[in-house]
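One letter stands for each residue in the lines below.
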Amino acid sequence: MAVPSPRAPRLRTRPRWLREPVVTAAYAAVGLTVALLVLYPTLTILVESVRDGEGGLTLARYQRFFTSTYFLHTLYNTLLVSGIATALSLVLGFAFAYAVTRTDLPLKGFFTSVVLVPMLLPAFLIAFALILLLGRNGVINRFLYEVGAWLNLADPYALQWVVFGSHGVILAQTLTFFPMAFLVFSAALASIDPRLEEAAEDLGGSYWFTLRRVTLPLLAPAAFSSALLVFMFNASAFGAPAVLGGGRLFFPQASMLAPEAIIQILGLYDWGMGTTIAVILVVPSLIIFVFGEYYLKKRSYVTVTGTPTAFTLRAVPPTVKWTLFAVCLLVSAFIIGVVLVVVAGAFTRTWGVNYELTWRHMQTALNASRGSITNSLLLSGGGAAAAAVFGILSAYLFTRRPFPGVRVLDFTAMLPYALPGVVMGLGFAVAFGGRWSWIVLTGTATIIFLNHFIRRMPFGIRSGSSALKQIDPVIEEAAADLGARPVYAFRRVVFPLLRATVLGAFVFGFINMMTDITAVIFLVSPRWRLLSIDLFNAIDAGRLGVAAALSVIMIVSTFVVLLVVWRLSGKGLDFLRR
Amino acid sequence: MNPTLRIEPQPVIMQRITKRFGALAAVDDVTITAEAGQLTTLLGPSGCGKTTTLRMVGGFYDPDEGTIRIGDRIVNGVPPHARSTRTVFQSYALFPHMTVFENVAFGLRATGVARAEIGPRVEDAIALVGLQGLAQRSSGQLSGGQQQRVAFARALVTRPEVLLLDEPLSNLDAKLRVHMRAEIRKLQQDLGITTIYVTHDQEEAMSLSDKVVVMNAGRVDQQGPPHVIYERPATRFVADFIGVSNFVAATVVALAADGIEVDALGTRLALTRPTTHEVYAGEAGLLVLRPEHLHLEDADATGGVGFAGTVANVAYLGAAASYQVALPGDTLLTVEDPAPRGAALHRPGDRVRVRLDVERVYVVPGES
Ligand SMILES: Nc1ncnc2c1ncn2[C@@H]1O[C@H](COP(=O)(O)OP(=O)(O)O)[C@@H](O)[C@H]1O
Ligand SMILES: [Mg+2]
């Protein structure tokens, strides 16, 4: 037998980062972007909140927050409102999802489309529409007043249900966020093999027994993750509390966290306290985000198989079926009512008083906000395009050209998804606002664009990485094998296959930016105004007609963009469900 | 042969290459030569490192140790797109958003071949694999066999020096597989292209190859022409993996000028040119007995060398019959009767004699 000879020598080849200069450069770009636009602003907020006047550090503001009744009430209001709105969103989301995936209700297609509408509307627009419906002069309350007067009640206002207060905020936020729960639940329900439920019934389980012991337990991970997600968005919401909450919440002296941070900065110029509240707002979001990313994902029972299971709809007891139908119909009618009432408001002389048809509001809106409309379209379009392309490129890098430590970069790039708008806006205002005298961008379009871009980049990353999972890496190997350099292969093979994904991420980003106020409220300037802020100011000033006109402009322009992308992608709006 | 597809063949020389995934050496100090213009098969059970080896030649992995040469160029560290190798992937990996024509043209466009040249070359390649008329089909509208032809055309149109095939037939049904096997062989010989072919199907390997490389747990057990691999297996693994073999424990008793003498089951056998490895007197070995080299006789027959045994089992297969014969010491031999006559079949329990073609008996190292 031959004696084993020593190993062949290792041939020195150049290290990977030298052999793949494009990848190295791309990583450098992503790293720099994330450091500058995510880490730096977040850290400045943290530092600003503990900086005292003399250049030292202090925790006095945190102490003040947690000892002052006022601030504590702000916190309690936030937790209560968010908790209740989350619970209601889950119930509604589940009801819709169950109705459309597990029953043979009439109008299922209609419900499925309507449920997505709130995702296309700004959060405060629903609150605003509630004012038009259920404010003191709202159509419904006017009608209830007439009824009260007709009945000769001692107090003709007794029948009214005025939307201002905790209940209004909860209603608005539930309507705004339940579609998220719906999407999670319907995906989960669609991937639970109906044969499991059939097996349970075959073994003698009644409908309710099966629902309780099989279906719901299987949905537990989905319920949990959508609860966390919805709570996160609820807790950092600004629009509805600002429009409907003032002085009428559970603890009436106080507001909620996000509006409070804005009051501290824009009303009282107290940057220290504003940033402190922002940090307090970040903590729960961050915990939820980390938990959701790294814990829940591993535990999900829901497995995505390539082949969708064909459904045989099971017999649902008629009481359940028609209750679901009533709920879906009511909610859908309400959502449609929201859109209609805003359109009506735009063309009505004085809402609640004089219903004469008029173009006046539309003219005022177009005159006063022409610049804002252009700015919004350009900055949202540009920001969304950049976010979609750059996000999907990053997803490609992270999943197909990973390097050790890529998870940290991925996590940081995904952070803006979890960080509340107030935090990202305030962070930009502090970091690029001259207080840190480094890069000064205050009052420019650039700061708005960059903010839009970095906040929506996570959409691109998310949808990009889930789309890349559907593309077998061997396709790219084939391209390289045939002599295509990496950039050519990406341009000709990967990118065309991701086209629908890019468009989807663009649309989502665009809608979100058009309707965002919480972040950009810190970044707009007289030179660079935005449509959403003009709209918010109009609502705030009680100029309901102009506000309605601006809303219509926003809805129409969003719709036009959706339509164009729809035609471009040739795929319908399926990508909204990703 | 059409001039646009003429290929300059180059040998592929892998010298002592190793590839590790964590602690596992998927390919472990392996040396393989694929001669220029020949078809070399990597054969072995699933997980033995065939794909990993092929991917190192294609440039998708870099060896941790050792060198790979194509012609006289060392290609370690050269990325796939800069190599003159082309792969036909197991899943074909056609670009789903392109037509047949665009798929085949891809390699030409990617490497900047002049526009005017692309059309005719693509047409030639499509014709070569017999897909005339399907050029404008989208790749999703093709059958499995057609997809595979596109994958071949796509690889060949760029005139590679080396063609790499990873189990190209495994996704086809059995009939088409035999047909395509012959076509691949003809194509390869017509073009004279150096080809490395990965398969776990020994029949496929035997029928296609100029050279078979038998791999076992990341190492090469033997490489050579198919008949050598079959007739003179280097190890028990090779003998077992290729064809049906009986193994009988034996001890080397003496060395002779023209062979060796062994003792097996108490019988002394003189074997001529029986082994490729060096043997010493007293060493343990295994006799490799192919079923077709064993003959069943009546128990009282004499002549030649044979073992006495009892029929344990008979399987009548029409064209042949297969017997299991129990020998003393728990040894079971599979014996083939190539011309069975129903009436004359032995029955279980019959005492028989198994005669050996002594000149075909081969010895491999015993388990140590
Ligand atoms: N990318 C990889 N990472 C880790 N282990 C791998 C990888 N590729 C292959 N292996 C392992 O290396 C061994 C050889 O794999 P492979 O070359 O694919 O075998 P074959 O093609 O002969 O079936 C197997 O044990 C396999 O699990
Ligand atoms: Mg393999």
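Residues numbered from 1 in each chain as written. Chains lettered and ligands numbered in written order. Predicted model: local features only at pLDDT ≥ 70, side-chain atom pairs only at ≥ 80, totals over all residues. Heavy atoms only, no water.

Description of the nonpolar core
Part 1 of the reasoning: Of all hydrophobic cores here, the largest spans 173 residues; its most connected members are L244, F398, F428 and F522 of chain A.
Part 2 of the reasoning: Two domains each put at least three residues into this core: domain 1 (20–58 + 359–578) and domain 2 (72–301 + 313–357) of chain A.
Part 3 of the reasoning: Sequence-distant contacts of F398 of chain A, defined by excluding residues within four places in its chain, comprise Y27, V30, V406, L409, D410, A413 and I461 of chain A.
Part 4 of the reasoning: Counting residues in each nonpolar core, the second largest holds 37 residues, with A105, A125, V129 and L191 of chain B among its members. (Core = buried A, V, L, I, M, F, W, Y, C linked by side-chain atoms within 4.5 Å. Buried < 20%, exposed > 50% of the residue type's maximum accessible area, 1.4 Å probe, protein only. Domains from an automatic or database assignment. Contact = heavy atoms within 4.5 Å.)

Looking at the domain arrangement of chain A
All names here are of chain A.
Part 1 of the reasoning: Splitting chain A by domain gives domain 1 (20–58 + 359–578) and domain 2 (72–301 + 313–357).
Part 2 of the reasoning: Centre-to-centre, using C-alpha coordinates, domain 1 lies 25 Å away from domain 2.
Part 3 of the reasoning: Listed by partner, the interface residues are 47 residues for domain 1 and 48 residues for domain 2.
Part 4 of the reasoning: A combined buried area of about 4,100 Å² lies between domain 1 and domain 2, and 80% of that area is made up of carbon and sulfur atoms.
Part 5 of the reasoning: Where domain 1 touches domain 2, the interface holds three residue pairs in polar contact (both at pLDDT 80 or more).
Part 6 of the reasoning: Secondary-structure elements contributing two or more residues to the side of domain 1 that touches domain 2 are helix 2 (21–50), helix 16 (360–400), helix 17 (406–418), helix 18 (421–431), helix 22 (499–515), helix 23 (531–540) and helix 24 (544–569).
Part 7 of the reasoning: Of the residues forming the side of domain 1 that touches domain 2, the biggest block, eleven residues, is contributed by helix 24. (Buried area = accessible area lost by both parts, 1.4 Å probe. Polar contact = N/O pair within 3.5 Å; in protein donor to acceptor, adjacent residues only side chain to side chain. Helix = DSSP H or I, 4+ residues; strand = E, 2+ residues; numbered from the N terminus.)

Overview of the domain arrangement of chain B
Residues and elements named next belong to chain B.
Part 1 of the reasoning: According to the domain assignment, chain B contains domain 1 (3–236) and domain 2 (244–365).
Part 2 of the reasoning: Here domain 1 and domain 2 have C-alpha centroids that lie 40 Å from each other.
Part 3 of the reasoning: Opposite the seven residues of domain 1 that make contact, domain 2 presents ten residues.
Part 4 of the reasoning: Taken together, the two surfaces of domain 1 and domain 2 that pack against each other cover about 870 Å², and 51% of this comes from carbon and sulfur.
Part 5 of the reasoning: Looking at the side of domain 1 facing domain 2, the largest losses of area belong to Y230, R232 and R236, adding up to 65% of the total buried there.
Part 6 of the reasoning: Viewed at the interface, domain 2 and domain 1 are joined by zero salt bridges.
Part 7 of the reasoning: Along the contact surface separating domain 1 from domain 2 lie two residue pairs in polar contact (both at pLDDT 80 or more). (Salt bridge = Lys/Arg side-chain N within 4 Å of Asp/Glu carboxyl O.)

A look at the site of ligand 1
Residues and elements named next belong to chain B.
Part 1 of the reasoning: Close to ligand 1 lie F21, L24, A26, P45, S46, G47, C48, G49, K50, T51, T52 and Y61, which account for all nearby residues.
Part 2 of the reasoning: Contact distances for ligand 1 include 3.2 Å between an oxygen atom and a backbone N or O atom of C48.
Part 3 of the reasoning: Residue G49 places a main-chain N or O atom 3.0 Å away from an oxygen atom belonging to ligand 1.
Part 4 of the reasoning: Look at ligand 1: alone it shows 560 Å² of surface, and the protein chains cover 61% of it.
Part 5 of the reasoning: At the level of elements, strand 2 (24–34) and helix 1 (50–58) are the ones that each hand at least two residues to the shell around ligand 1.
Part 6 of the reasoning: Here the element with the most residues in the shell around ligand 1 is helix 1; it accounts for three residues.
Part 7 of the reasoning: Of the residues belonging to the shell around ligand 1, the class tally is six nonpolar, five polar and one charged. (Near = heavy atom within 4 Å. Areas by Shrake-Rupley, 256 points an atom, 1.4 Å probe, with all protein chains shown as cover. Nonpolar A, V, L, I, M, F, W, Y, C, P; charged D, E, K, R; others polar.)

Quick look at a positive patch on the surface
Part 1 of the reasoning: On the surface, R491 and R492 of chain A together with R109 and R115 of chain B cluster together into a positively charged patch.
Part 2 of the reasoning: Its location among the elements puts R491 of chain A in helix 21 (residues 486–497). (Patch = residues over 30% accessible without salt bridge, like charges linked within 9 Å, V, L, I, M, F, W, Y side chains within 5 Å. Lys, Arg positive; Asp, Glu negative; His and termini not counted. Charge placed at Lys NZ, Arg CZ, Asp CG, Glu CD.)

Details of the pattern of salt bridges
Residue and element names in this part refer to chain B.
Part 1 of the reasoning: With the rule as written, the count across this model stands at 20 salt bridges over all chains.
Part 2 of the reasoning: For R16, the salt bridge goes to D29, with nearest N and O atoms at 2.9 Å. Of this pair, R16 sits in strand 1 (residues 12–21) while D29 sits in strand 2, and the two are 13 residues apart along the sequence.
Part 3 of the reasoning: What makes R16 partly exposed here is its relative accessible area of 23%.
Part 4 of the reasoning: The partner of K19 in a salt bridge is D64, with the nearest N and O atoms 4.0 Å apart. Remark: D64 occurs in the loop between helix 1 and strand 4 (65–70) and K19 occurs in strand 1; sequence separation between them is 45 residues. Comparing K19 with D64 shows no difference in burial state: the two are buried.
Part 5 of the reasoning: Shared partners join several salt bridges into a network, and the residues in it are E297, R353 and R355.

Considering the packing of aromatic side chains
Residue and element names in this part refer to chain A.
Part 1 of the reasoning: Scanning the entire structure with this criterion turns up 37 aromatic pairs over all chains.
Part 2 of the reasoning: With a centroid separation of 5.0 Å and an interplanar angle of 70°, the aromatic rings of F65 and F66 are classed as edge-to-face.
Part 3 of the reasoning: By relative accessible area, which is 0% here, F65 ends up buried.
Part 4 of the reasoning: Looking at F66, the relative accessible area reads 46%, which means it is partly exposed. (Phe/Tyr/Trp six-rings, centres within 6.5 Å; stacked < 30°, edge-to-face > 60°.)

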